[in-house]
Amino acid sequence: MLAAIMFFGFMTIGMPLPVLPVYVHETLGYGSFVVGVTIGIQSVVTLLLRSYAGRTVDTRGPRRAVLTGLCGCGAAGVLYLAASMVPNPALALGILIAGRVVLGFGESLILTGGMSWGIGLLGAAHASKAISWQGVSMYTAIAIGAPFGAYLLQAAGFTAVSLVNIALPAIAFAIALRLPAAAPVGGHRLPFFRVVGLVWRPGLAMTLGSIGYAVIAAFITLYYASHGWSGAAFALTLYSACFIGMRIVLAHAVDRFGGRRVAMASLVFSAIGQFLLWGAVNPDMALVGAGLTGVGFSLVFPALGVEALRQVPPQNRGAALAAYSAFFDLALGLIGPMAGLVANYFGYASIFLCGALGGIVAILMIARLPHAGPVATPVDSSAGSGH
């Protein structure tokens, strides 16, 4: 049920991605810079609210955080609908941007709350499984939501897209009401900046390990075009299929072998994939590189997430997940522009060499992570928490 909640919630994030650029540019008449601001402001808000999301999860419980976040997602749909009814382009744009801000608020809560809720229901010993399945739900929702949103815009218009973006969080909200709560853990809570100081090592390792993912997502199409190859879409599809497949098939790997070992082994595969992309002499070699990167990066986030949780007491779990996730936000925000500068000077192949080297440095960092105790299981969780 929690996977369904995350799926419907993140559909509201995936659907607008191909829709809003078309609407802002063609209907409202604004240029690419305004399009970029409209799309990107959601991620900025999500990053800025990570501390608030972690505090909400730790003090009010993950179920309350998720329900509040879903309300934010639904409110974003209402604002989209309002924008579609306003004849003034400037006012419509302002309402749209307000909707993106509210959606960023909602995403920050459902992402952190969903991971913490899953850990509370499954037990802290299965933290990696909870994080992995949320990732599967999230990526599947975005992968399905984007083409569905584009189709709906073409078939029925922006108003229909807005109405669906209101309905989906409502469905998720109804499901969430039927799921038992996982009570917040009592005890003294560390300030958020202290939590960041405790989880920055696995967070930074994850950021470095994310370079391969980020450069494939942003530049694989241009990389193929620079070689005169076709089939970049197949590379993206294979990457996504390998990513999701590994999450499903090896969902128990982190619980069995530990986050540190799984993260290091995964990054070896990711680095090999990046080296293949760097030295590819034909599209088949590049395709294999993209697939291996998907295999490798798939378990890095949950594996290092478990290591991040080991660094903090249970009552700071929400804050730790929020701080750790912020490193991924930071990775996506910084790696794209930096990789673009590298590509301008050294060519597109060079960015995959950077991805491989980033993975190697991440492996060295993980090997030097401080040893901490097992992820503690809360003793005051609610009776229906599934322990």
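Rules and cut-offs
- Residues numbered from 1 in each chain as written.
- Predicted model: local features only at pLDDT ≥ 70, side-chain atom pairs only at ≥ 80, totals over all residues.
- Heavy atoms only, no water.
- Axes fitted to C-alpha atoms, helices over the stretch in contact; angles between N-to-C directions.
- Helix = DSSP H or I, 4+ residues; strand = E, 2+ residues; numbered from the N terminus.
- Parallel < 35°, antiparallel > 145°, perpendicular 65-115°, else oblique.
- Left-handed = near helix turned anticlockwise from the far one by under 90°.
- Contact = heavy atoms within 4.5 Å.
- Nonpolar A, V, L, I, M, F, W, Y, C, P; charged D, E, K, R; others polar.
- Expected span 1.5 Å × (residues − 1).
- Bend = angle between axes of the 7 residues up to and from the residue.
- Buried < 20%, exposed > 50% of the residue type's maximum accessible area, 1.4 Å probe, protein only.
- Polar contact = N/O pair within 3.5 Å; in protein donor to acceptor, adjacent residues only side chain to side chain.
- Core = buried A, V, L, I, M, F, W, Y, C linked by side-chain atoms within 4.5 Å.
- Domains from an automatic or database assignment.
- Salt bridge = Lys/Arg side-chain N within 4 Å of Asp/Glu carboxyl O.
- pLDDT = per-residue confidence, 0-100.
- Buried area = accessible area lost by both parts, 1.4 Å probe.
- Phe/Tyr/Trp six-rings, centres within 6.5 Å; stacked < 30°, edge-to-face > 60°.
- Patch = residues over 30% accessible without salt bridge, like charges linked within 9 Å, V, L, I, M, F, W, Y side chains within 5 Å.
- Areas by Shrake-Rupley, 256 points an atom, 1.4 Å probe, with all protein chains shown as cover.

## A word on the packing of helix 11 (residues 232-249) against helix 14 (residues 283-297)
A pair of packed helices can be characterised by two numbers: the angle between their axes and the separation between those axes. With their axes 7 Å apart at the nearest point, helix 11 and helix 14 run at an angle of 25° to one another. Between helix 11 and helix 14, the angle is such that the two are roughly parallel. For the pair helix 11 and helix 14, the crossing hand works out as right-handed. Every residue of helix 14 that contacts helix 11 at Phe-234, Ala-235, Leu-238, Tyr-239, Cys-242, Phe-243 and Met-246 is listed here: Leu-287, Ala-290, Gly-291, Thr-293, Gly-294, Val-295 and Phe-297. The class makeup of the residues in the contact of helix 11 with helix 14 is 11 nonpolar, three polar and no charged.

## Some words on helix 9 (residues 192-209)
Taking 1.5 Å as the rise per residue, helix 9 with 18 residues should run 26 Å; its terminal C-alpha atoms sit 24 Å apart, in good agreement. Of all the bends in helix 9, the largest measures some 60° and sits at Val-199, one to four residues before the proline Pro-202. Considered for burial, the residues of helix 9 that qualify are Val-195, Val-199, Pro-202, Gly-203, Ala-205, Met-206, Thr-207 and Gly-209.

## Quick notes on the side chain of Thr-112
Here Thr-112 shows up in helix 6 (residues 89-122). Taking relative accessible area as the criterion, Thr-112 reaches 0% and is therefore assigned buried. Among the polar contacts listed, one links the side chain of Thr-112 to the backbone oxygen of Ser-108, at a separation of 3.3 Å. Setting aside chain neighbours within four positions, we find Thr-112 in contact with Arg-50, Ala-53, Gly-54, Val-57, Gly-318, Leu-321 and Ala-322.

## A word on the nonpolar core
The nonpolar side chains of a soluble globular protein tend to be buried, and buried together. Core analysis: the biggest nonpolar cluster contains 102 residues, and Ile-5, Leu-96, Tyr-223 and Leu-304 have the highest contact counts within it. Each of domain 1 (1-182) and domain 2 (190-370) gives at least three residues to this core. When sequence neighbours within four positions are dropped, the list of residues in contact with Tyr-223 reads Trp-229, Leu-277, Trp-278, Ala-280, Ala-286, Tyr-348, Ala-349 and Phe-352.

## Section: the pattern of salt bridges
This model, assessed by the stated rule, comprises one salt bridge. With a closest N to O distance of 3.5 Å, Glu-307 and Arg-310 form a salt bridge. Separated by three residues within a single helix, Glu-307 and Arg-310 lie in helix 15 (residues 300-310), roughly one turn from each other. Among the residues examined, Glu-307 registers a relative accessible area of 5% and is labelled buried. The class of Arg-310 is partly exposed, set by a relative accessible area of 23%.

## Focus on the confidence of the model for the protein chain
On average, the protein chain scores 83 in pLDDT, and the residues at 70 or more come to 91%. In the model, residues 376-387 has pLDDT below 50 throughout and makes 31 contacts with residues more than four positions away in sequence or in other chains.

## Brief notes about the domain arrangement of the protein chain
When cut into domains, the protein chain gives domain 1 (1-182) and domain 2 (190-370). Relative placement of domain 1 and domain 2: their C-alpha centres are 23 Å apart. Listed as interface residues are 25 residues of domain 1 and, on the opposing side, 27 residues of domain 2. Overall, the association of domain 1 and domain 2 removes approximately 2100 Å² of surface from exposure, summing both partners, and the carbon and sulfur fraction of that is 67%. Counting every contact that joins domain 1 to domain 2 gives one residue pair in polar contact (both at pLDDT 80 or more). Among the elements that make up the side of domain 1 that touches domain 2, the one with the highest residue count is helix 7 (residues 127-156) (10 residues). Looking at side-chain class alone, the side of domain 1 that touches domain 2 contains 11 nonpolar, 11 polar and three charged residues.

## Here's the deal with helix 4 (residues 50-60)
Among the residues making up helix 4, those that are buried are Arg-50, Ala-53, Gly-54, Thr-56, Val-57 and Asp-58. Positioned one or two residues after helix 4, Gly-61 has a phi angle of 95°, which is positive.

## A short note on the packing of aromatic side chains
A full pass over the atoms with the stated rule returns 16 aromatic pairs. Ring geometry for Tyr-80 and Phe-158: centres 6.4 Å apart, planes at 50°, overall tilted. Here Phe-158 lies in helix 8 (residues 158-177) and Tyr-80 lies in helix 5 (residues 62-84), a separation of 78 residues in the sequence. A relative accessible area of 2% places Tyr-80 in the buried class. Judged by centre distance (6.1 Å) and plane angle (35°), the ring pair of Phe-243 and Phe-297 falls under tilted. With Phe-243 in helix 11 and Phe-297 in helix 14, this residue pair connects regions lying 54 residues apart in the sequence. Across the pair, Phe-297 and Phe-243 agree in class, each one buried. An aromatic cluster is built from Tyr-213, Tyr-239, Phe-243 and Phe-297, whose rings are joined through pairwise contacts.

## Quick look at the environment of Gly-259
With respect to the helices and strands, the residue Gly-259 is situated in helix 13 (residues 259-278). C-alpha of Gly-259 to C-alpha of Phe-301: the two residues are 42 residues apart in sequence and 9.5 Å apart in space. Residues in contact with Gly-259, not counting those within four places in the same chain, are Val-254, Ala-303 and Glu-307.

## Thoughts on a nonpolar patch on the surface
On the surface, a nonpolar cluster with roughly 460 Å² of combined accessible area is contributed by Phe-275, Trp-278, Leu-357, Ile-360 and Leu-364. Counting only elements with at least two residues in the nonpolar patch, the list comes to helix 13 and helix 17 (349-367). Top contributing element to the nonpolar patch by residue count: helix 17, with three residues. With respect to the helices and strands, the residue Phe-275 is situated in helix 13.

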